[in-house]
Structures are given as structure tokens and as C-alpha cells.
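Overview (structure and organization)
Residue strings, one per chain:
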Amino acid sequence: MNLLLFFILGLLVHFVFFVSIFDIYFTSPLVHGMTPQITPLPPPAQRLVLFVADGLRADSLYELDENGTSRAPFIRNVIMHKGSWGISHTRVPTESRPGHVALIAGFYEDVSAVAKGWKENPVEFDSLFNESKYTWSWGSPDILPMFAKGASGDHIYIHCYTAEKEDFGAQDAARLDTWVFDQVKDFFQSAKSNQSLFSKLNEEKIVLFLHLLGIDTNGHAHRPSSREYKDNIRKVDDGVKEIVSLLDDFYKNDGKTAFVFTSDHGMTDWGSHGAGHASETLTPLVSWGAGIRYPQQVSTQLFDDEFLKEWQLENWKRLDVNQADIAPLMASLIGVPFPLNSVGILPLDYLNNSDLFKAASMLTNAVQILEQFKIKMTQKKEITLPFLFTPFKLLSDSKQLEILGKARSYLEQEKYQNVISLCKELIHLALEGLSYYHTYDRVFLGISVVMGFIGWISFASIMIIKSHSSLTRSVAKGEKKLHHLLPCSFVVIGVLIAFFLLIQACPWTYYIYCLLPVPIWYAVLKEFQVIQDLIASLLSFSGKHSVVFLLVFTLGIEILVLSFFYRYMLTAGLIAFACWPFFTQLWIQAKITSLGWTFFSLLLAVFPLLPVVGREPNITLVIGAGFLIFFISLSSFVYLWKSKRKYICENLPVHLCQMVGILISTYIVNSTHSSLLQKQGLPQINQIVSWIILAFSLIVPLLGPTIVFQRLLSILLSLMSAYLLLSTGYEALFPFVLWCLMLAWIRVEQEMLQQSGVSCTQKLTSIHFAYNTDITQVRQLHLDDIRRSFFFVFFIVTAFFGTGNIASINSFDPSSVYCFLTVFSPFMMGSLMMWKILIPFVLVMCAFEAIQVTTQLSSKSLFLIVLVISDIMALHFFFLVKDYGSWLDIGTSISHYVIVMSMTIFLVLLSGLAQLLTTKKIKLWGKTKPHFM
């Protein structure tokens, strides 16, 4: 098969494997067609006020400061004298959009929202706002519009500030909250003279939503331990107090207003969120007013944590809820239908109402969730053959009727506690059934994808053996003609699979996942002669060396897999790499090269042991790294000047440009950091220069020579000028140490190849990348080439996790991009962070290109081995994906698979980028002559 065609097919196959995880685990849980359910009793409140303090941690609100006083005295007073309080437990991902959807719509956002940036509705859903008579909301343009879009009717009004106001680097972000409070005050002031608005505000079933983003913005910019974050909590508390007083005055203290104060998510100590750390998932919930139970003083409480003692709230009953439970609570307070897709369970302990109201509301809640279960079951039953359909046995039709019948009977008999108990049982069964039908096809799809995976790994291995090795004996003599039975058999299998999917009305993506293994396995079995010869070769080859090699290779892959869970496993691997030369002939024949390899391996091994980047910013280290890189570039300049005077004269402008770029980047980092500390914002000249440096970081290396050392140095200097601008601490040193180890690796591989008698060692200052052509015929693959490929994959994973666990969303630190922008822009910030992650990748890829040149082996053959290793890792993670346990475990297991698959796809694309960076040259002045010295 043509290698170009093979790589294109490989890219498509891996893309399918990558997308499959979204169909298997990330499909939308929503169903449509339910009937709205409402409690047939008068509600306690006419209106609801929802305060959401974005990014507010539970402990930051409830704890006392160093003086023993509360940062939020008004909220504290509510807890002790007016209402109920507790912790709202959020789910992963702890981001603004999923948190608000859980609060207002009552369900946990499906991950398809990630692809839309959480700004648009990827699916239509019902919400408390949609069910209300009128909703007025004030706050961020990132949150408010999504609850107005798709709403039925014109009854949701939004008032947003501009996106430019969400500036992490300008003045105190608390002004975002001040803007909201001022707008609400002006709104009610205008209502006094606007009869139409006044009438609407005095209707029943209305909602006022205040989205307060300042705390989240200050947390990102200054961290939750900062004075800015804590002062913002005080300002929010003051603002809430003013709004409550304003509403009491406007409505003449009619006692018909219910208040809910909560947060969408928390925040880590280092100013990020997205994962499942307690600081991110524990958010405050305080409610008071109409229909809310007054404070309950107790002597003991059943909680394992020490929070109550720390917060000095041991005597006030704490009522914890899941975040989605807040939606039915708010709906019951104002008497609107529960949101149709809500999976929240009404927290009765918060209600101050009759037992009849509580029981009737709980029955409404149960019927509303049961409606979803029925729709889900009907949909699955309609598209499944009757003899293949397996219903959820714990909640049969008869069981539903039995529970509902008993509940209604108890309600008539005024046995309200029995009603509540039965409804809770029905809700839990319905939720379990929803999960059952939501994951109904998971095993079937998983088997199809695994079959495709194993087939592809087998096919790629056969391609390597057939084209790049001498293990097979009779392939060269010509393959035997296949009998027509084989292709016919696979055609029949494909037709049967397609027909099976067709009669079940499966989505079109199912056809891809189920039919893809058919041609892959046909291609494998078509090479029967290669498989036969390989088996014969292996049976006749009984060497202890090969067995040991296989065991070490297997252990190495397991270490790579474990490194995704435990970063220190990379340290263990790098220490093993450092010791490796001493067990080979390399130490005897090339001591200096071995010592260099060992030193830089041990130096790089330190990074995975350090805290994740972003937790402890240290601009001094970034500045120090900048001067170190400048010193290295200056030393290299002097070395090249002495060794090749003519070369350095011709390329003097490029090298000087890169040296100046390093100094400018170092200055901008220092200048920007100082400006932000003084709350003067990002200087515009710094922003412009930063973008210019970033834009030219991939172009400048193409102006220099293609000699291995000079081009690798040029790539390092150009990429480091951009990387410094994206650094906040010790990670600024990481690419340089990695680059030094890459140079040592190139030298090690040259020495190893010389020992096998393939070639003589050449200096890196005399080998050209331009020689990197497909030279498959020069030599066949050896066992050492598998080791080289494994080293490459290990270094790629090290580049991935060396300075942080980016499998966790909360490793994202917005302060990394402050040299480029400070105004909140998730796509731009995400793109810059992605480039920061890819820079170490590019350095490893370019070094791998140099390995292929210096070892005189086809780049395609080594890369095929890399793909096989990556696919074996991906298959590991596919089996490790969980749909049970904590949400952190589920999210982490899925993200690991996605990362490995993304890495495999990226390797194909980055290979092209690395070849461009290493082999191409742009001539801007004069005629450049190659120098072979």
C-alpha cells in the first residue's frame, strides 16, 4: 500500500476511534415530549430572587476571617435568624455553563456543550426561566443569553454588560457586580413610573436573576486567598443586602418574595476550576423568605468533615443538596412546573409549608422524572428488535402503577410521610432506569470499536513487518492469490451488519463504528502469508534477549499508562533512562555522551515531581529562564563564529533577531506582571509585540540553515521567545532542559548505530535535515528501532505531563496568557494554552526528525512503530473508561482516552510541521550556498 494513502487512512481511522467515545459516553441525556407537571396547591411565594456568585467557594463565604468576623455579615445573619443553609454539591465539569444549567434547568449538562464553548445551546432544554411568567436577568453575556435562546415566548429579559468588561488585568473586577446591583436599582426605580413594567413586576411566578461574575474574575486574576477575592465577597454581601431592602420596600414587605443565594462552582487555591477537587465542587446555598424554613438549632450534626467547626456553625442545621436539586426547590416556591428535563430531587428540608404541600410537591417531582423514564424507554424500545430488547426490570409498568397508586391513596388518607417515602423510591428507580437506557448501546458499540482497534494495530504491525523488516521469508517471492471466498465472506458480513443496523433505525454513526472493522480485518487476513511467515520466524527464534526486550517493552508501556494517573511515574522512567547506558556498550565507548544523557535525564526527571504549573506563580523564574536562554544563544553564537565564520556572517541577522526576541520576551513578561500588580491593565505595546513574536516564532527558523544543530537551536530560540510569554513559573525552564536531552538523545543514537556497524558518527554541525528522504532500502528495522520509537512516545508523554496534569481542566491558568490578552475570551485563551502545550511537542518531533536522519532509517517506518505503541496505550485507556464511581473518576478516565487519541492524531499532523520546520528554508537576501563542513 502507498505510504501516503496509509497515513491518510490511518488519520481517518483514528478520527473515528476518537469520535466514538463521544457517541458511547458523551451523548445528550435529554429527551423531549414530556408533559409539564405542577403541584396543584397555591405556592408560598409570588416571586423568586436568584443570586449566583460565580466562582464562590463554600468555605470562602462561611468561614470567619483572621479577626473572627464574617466576610458576609448579612448572609451570616440570614443563616442564624432568617433561613436555611448548606452546601450545594456540583458535578464535573465545574464550569460556569454546566453549573448554571444544573441550577436553573435541573440537569447535568452533557459534554457536547464543550464543543460549543458553553455559549450556545447544543440542545434545546426547558428551564425555570422558561416556565416562569416573567424573568429579568442581569449579568454576564456568557451566561444570560443561553437561557433566553429557545425559550417559548417573549418573557425572558436579559441585561448584559459588554464582553470587554470581563478583563482579568484591569481594575478590580468587583465592578462587574457593582454594575449588576446598580442596574437592578435603576430598573426598580424606573418601574415606579412605568405602569406596564410595574404591573408585570407585581404578577405571580416571576424570577429575578442576578449573575455576579466579579468573584470568579478576581479569583482567576488574583486567586481565592487574595485580598481582592475576599473583598469582592464583602461587596457582594453588601449588594445582596441592598437589593433585599430595595425589594422589601418596593413590595411593601408583603412576605411573598423567596431568595436563593448560591454559586455555580468553586475554585482551587491556584485560581482555576473545571475538575472535581472539593474546593471546586463545594458551593454555598443560603435560602430565605417566603416558603423557606427558619434556622434550626441543633446540638449534633451528621457530617464527617470538619467544616462546621471551622465555620463555627455547629449549632445551625446544615442541609446539603445536589446542585440540580435547587431547580425543583425554586419551581415549588413560586408554583411553576418543574423543568421538563430536571433530574433534581426536591429538598423538602428547605421548605416551610404544610405536610400536604410537601407530599404533593414530591409526587409531582416523581411523576415529572418518571415521564422522562417512560419517553426514554419508549424511544429505545421502538428502535430495538423485540427479541433483543431487555427492559429495565426494577421499574416495570406494573411497578410504576403500584407505586403511584399507593402514593395517591396515601395522599388521600393524609399519610404524607408514606407518600414522600414512596415518591423518593420511585425517583431513585426512575433515575437508575434513565441511566440504564442512556447507556443501553454502550457494550455493543464498545465491542465494535475494540474490534476495529485490534484490527488496526494488527494491520499496522503487518505493514511494518512486510515493508521494513526481514522477518518474513516468502513475501518477496510473491503472495499467493487469495481465494474468492475471503472477500465474499467479508462482503456478506458487512451486508448483514448494515441490515441489522437498518432495521433497528440506528444513527448513521453506528454504521461507521460497526462496519469499520470489516475492511480492516479483511486487510489483515489478506496478508495471511505474512502472518504465517512471522509465526514461523518467531517459533524458530529462541533468544533470551528478545524475551527480556519484550518484557521491558511491556513494562515501559504500563509505565506510560500509569503516568497519566501518577506524574511521578515519568520520573521513574527518566531515572531508568539515565541508568540505561551503564548496562550497554555505550558507557564503554562514549563516556561523555553517556554522562550528558544521564545528567539531562535526571534533570528532566525533577519536573514531574514539582507542583502543577499555575499553583505557585514565580515570574522571577521566568525572567531567569529568559536570561539563561539568552546566555546559551550567545555562547552558541560564539561557538559557531569560531567554527564557521562564513556561515555565521550569512546568517547573522537571524541569530541576532532571535537573541533580541528572547530579551524582549523576558522584558514583556516582567513589565506586564508589574503593570497587572499595579492594576494598570495590559500595556498595549506589550500586547502588540507579544502577538508579533508569536506570529514569527514559526517563520524565523526557516530563514536559517538546515544543518541539524543550527536548525534545532534556531527552533528552540524562536519557540522559547513565545513560550516565555506564556509562562508563569518554573515551566519556562522545561523546554530548554527537554531540548538539551533531545540533543543528547541524538548523539546517543548515533553512537548506538555506530556500534552496529551501520554508519560512522558525524558531527551535528555537518548533517543536513535536507537529507531526510525516504531511504527505506538503506537498511531494515532492528530491535533498537522499537526502542527509539518507545523513547519518542515517552518523551511526548513527558512533554504532555512534565509541568502539569492537563488531563484535568483545572490545570488551565488564565494568567499564562496575560501578555496577549486579559479580556475573557475562552476560544482565544484556549488556543494560546494549546500552543503552549504543543511547543514541547514540536521540540520532541524535530529531534525525532534528526534521529531519523542520523540513523539512516525511513521516517515512515519509525513513525509506524510509534503509531502502534500509541494505539496500544489508547486501547488500554478505552478499557479503563468508567461509567461508575465518582464524577471525577469518570471524567478523568474519559479524558485520558481522549488525550491519547488526540495525541495520536496530533503526531501525524505535527510530523508534517516538524518536517517543515527542519527541512525548509526561506531565502530573503542574497544567494545562500550550502556548506558541508
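Residues numbered from 1 in each chain as written. Predicted model: local features only at pLDDT ≥ 70, side-chain atom pairs only at ≥ 80, totals over all residues. Heavy atoms only, no water.

1. A word on the overall build of the chain
- Counting secondary structure elements, the chain contains 35 helices and eight strands.
- Each of the 933 residues in the chain was classed as buried or not, and the buried ones make up 57%.
- For the chain, long-range pairs separated by at least 24 residues make up 80% of all intrachain contacts whose partners lie at least 6 apart in sequence. (Helix = DSSP H or I, 4+ residues; strand = E, 2+ residues; numbered from the N terminus. Buried < 20%, exposed > 50% of the residue type's maximum accessible area, 1.4 Å probe, protein only. Contact = heavy atoms within 4.5 Å.)

2. Observations concerning a nonpolar patch on the surface
- Residues L562, F565, Y566, Y568, L609 and L880 make up a contiguous nonpolar surface patch of about 580 Å² in total accessible area.
- Following the sequence through the fold, L609 ends up in the loop between α25 (591–604) and α26 (619–643). (Patch = residues over 30% accessible without salt bridge, like charges linked within 9 Å, V, L, I, M, F, W, Y side chains within 5 Å. Areas by Shrake-Rupley, 256 points an atom, 1.4 Å probe, with all protein chains shown as cover. Salt bridge = Lys/Arg side-chain N within 4 Å of Asp/Glu carboxyl O.)

3. Quick notes on the pairing of strand β2 (residues 83–89)
- Along β2, six of the seven residues are buried, which leaves the element largely enclosed by surrounding structure.
- Where β2 and strand β7 (residues 282–289) come together, seven bridges link them in antiparallel fashion. When the bridges of β7 are listed, G86 appears paired with L285.
- Pairing analysis gives two bridges linking β2 to strand β8 (residues 321–322), with the strands arranged parallel. Note on β8: the bridge partner recorded for H89 is N322. (Pairing = 2+ DSSP bridges.)

4. Brief notes about the packing of aromatic side chains
- Evaluation of the coordinates by the stated rule reveals 65 aromatic pairs.
- With a centroid separation of 6.3 Å and 25° between ring planes, the pair formed by Y437 and Y440 is classed as stacked.
- Residue Y437 is classed as buried on the basis of its relative accessible area, which comes to 2%.
- The ring of Y251 has R47 sitting right over it, with the charged end atom 3.5 Å from the ring centre.
- A cation sits over an aromatic face here: K591 above W587, 5.4 Å from the ring centre. (Phe/Tyr/Trp six-rings, centres within 6.5 Å; stacked < 30°, edge-to-face > 60°. Lys NZ or Arg CZ within 6 Å of the ring centre and 35° of its normal.)

5. Some words on the packing of helix α18 (residues 485–503) against helix α20 (residues 517–526)
- Close contact between α18 and α20 brings their axes to 10 Å; oriented N to C, the two are set at 165°. One element, α18, and the other, α20, form an angle in the roughly antiparallel class. Relative to α20, the crossing made by α18 is right-handed. The segment α18 lies against α20, with L486, P487, F490, I493, G494 and I497 engaging V518, W521, Y522, L525 and K526. (Axes fitted to C-alpha atoms, helices over the stretch in contact; angles between N-to-C directions. Parallel < 35°, antiparallel > 145°, perpendicular 65-115°, else oblique. Left-handed = near helix turned anticlockwise from the far one by under 90°.)

6. Here's the deal with the pattern of salt bridges
- The tally for this structure, following the rule as stated, stands at 21 salt bridges.
- For D231, the salt bridge is made with R227, and the minimal N-O distance between the two is 3.4 Å. Highlighted residues: D231 and R227, both in helix α10 (residues 227–250), separated by four residues, approximately one helical turn.
- Of the residues examined, D231 reaches a relative accessible area of 23% and is grouped as partly exposed.
- Take R227: its relative accessible area is 53%, and that puts it in the exposed class.
- Close ionic contact of E731 with K836 constitutes a salt bridge, the shortest N to O distance being 2.9 Å. Taken together, the residues span a long stretch of sequence, with E731 in the loop between α30 (708–725) and α31 (734–755) and K836 in helix α33 (residues 826–854) at a distance of 105 residues. Taken individually, E731 and K836 each receive the classification buried, so the pair is uniform in this respect.
- By sharing partners, the salt bridges in this structure join D65, R227, E228, D231 and R234 into a single network.

7. Notes on α25
- Its 14 residues give α25 an end-to-end C-alpha distance of 20 Å, which sits within 8% of 20 Å, the value for a rise of 1.5 Å per residue.
- By the burial criterion, the buried members of α25 are T593, S594, W597, T598, S601 and L604. Here the buried residues of α25 occupy an arc of 135° about the axis, which is enough to place them on one side. (Expected span 1.5 Å × (residues − 1). Arc of directions from axis to C-beta.)

8. Some details on the confidence of the model for the chain
- Scored by pLDDT, the chain has a mean of 85; 87% of the residues are at 70 or more.
- Contacts of residues 927–933 to residues separated by more than four positions or lying in other chains number 14 contacts, the stretch itself having pLDDT below 50. (pLDDT = per-residue confidence, 0-100.)

9. A look at the nonpolar core
- With 152 residues, the main nonpolar core has W597, W739, F792 and F795 as its most contacted residues.
- With 17 residues, α33 is the single largest residue contributor to this core.
- Every residue in contact with F792, bar those within four places of it in the chain, is listed here: W745, V844, M845, F848, V866 and L907.
- Core analysis: the next-biggest nonpolar cluster, separate from the first, contains 67 residues, A105, Y350, Y416 and Y437 among them. (Core = buried A, V, L, I, M, F, W, Y, C linked by side-chain atoms within 4.5 Å.)

10. Some details on the sheet that holds β7
- Spatial strand order, β4-β3-β5-β1-β6-β7-β2-β8: eight strands in an open sheet with mixed pairing. Since the sheet does not close on itself, it has two edges, and those belong to β4 (156–160) and β8, each with one partner.
- In the packing of helix α3 (residues 73–81) onto the sheet, contacts are made with β2, β6 (257–262) and β7, and the angle to β7 comes to roughly 65°.
- Most of the contacts of helix α13 (residues 326–334) go to strand β1 (residues 47–53), to which it runs at about 155°, and overall it touches β1, β2, β5 (206–212), β6, β7 and β8.

11. Examining unusual backbone geometry
- Despite not being glycine, R223 shows a phi value in the positive range, around 80°.
- Among the residues examined, R223 registers a relative accessible area of 10% and is labelled buried.
- Its identity as a non-glycine residue notwithstanding, A505 has a phi of 50°, on the positive side.
- When you line up the elements, A505 lands in the loop between α18 and α19 (508–515).

12. A short note on the environment of N418
- In this fold, N418 is placed in helix α16 (residues 416–438).
- The sequence separation of N418 and A407 amounts to 11 residues, and the corresponding C-alpha distance is 7.3 Å.

13. A few points about the packing of helix α7 (residues 175–191) against α10
- Running from amino to carboxyl end, α7 crosses α10 at an angle of 10°, the nearest separation of the two axes being 10 Å. When the interaxial angle is binned, α7 and α10 end up roughly parallel. Where α7 approaches α10, its residues D177, F181, V184, K185, F188 and A191 are matched on the opposing element by N232, K235, V236, G239, V240, E242, I243, L246, L247 and F250.

14. A word on the side chain of R71
- Locating R71 in the fold gives a position in the loop between α2 (58–62) and α3.
- A residue is classified by how much of its surface remains accessible, and R71, at 3% relative accessible area, is buried.
- At 2.9 Å, the side chain of R71 forms a polar contact with the backbone oxygen of S60.
- Within the structure, R71 has its side chain in polar contact with the side chain of E63 (distance 3.0 Å).
- Beyond its immediate sequence surroundings of up to four residues, R71 is in contact with S60, E63, D65, K230, I233, R234 and D237. (Polar contact = N/O pair within 3.5 Å; in protein donor to acceptor, adjacent residues only side chain to side chain.)

15. Looking at the environment of A53
- Position of A53 among the secondary structure elements: in strand β1.
- Its relative accessible area of 0% is what places A53 among the buried residues.
- A C-alpha to C-alpha distance of 7.8 Å links A53 and D216, two positions 163 residues apart in sequence.
- The residues contacting A53, other than those within four sequence positions of it, are L212, I215, F261, T262, S263 and D264.

16. What about the environment of L717?
- With respect to the element layout, L717 can be found in helix α30.
- Residues L717 and C657, 60 residues apart in the sequence, show an inter-C-alpha distance of 9.8 Å.

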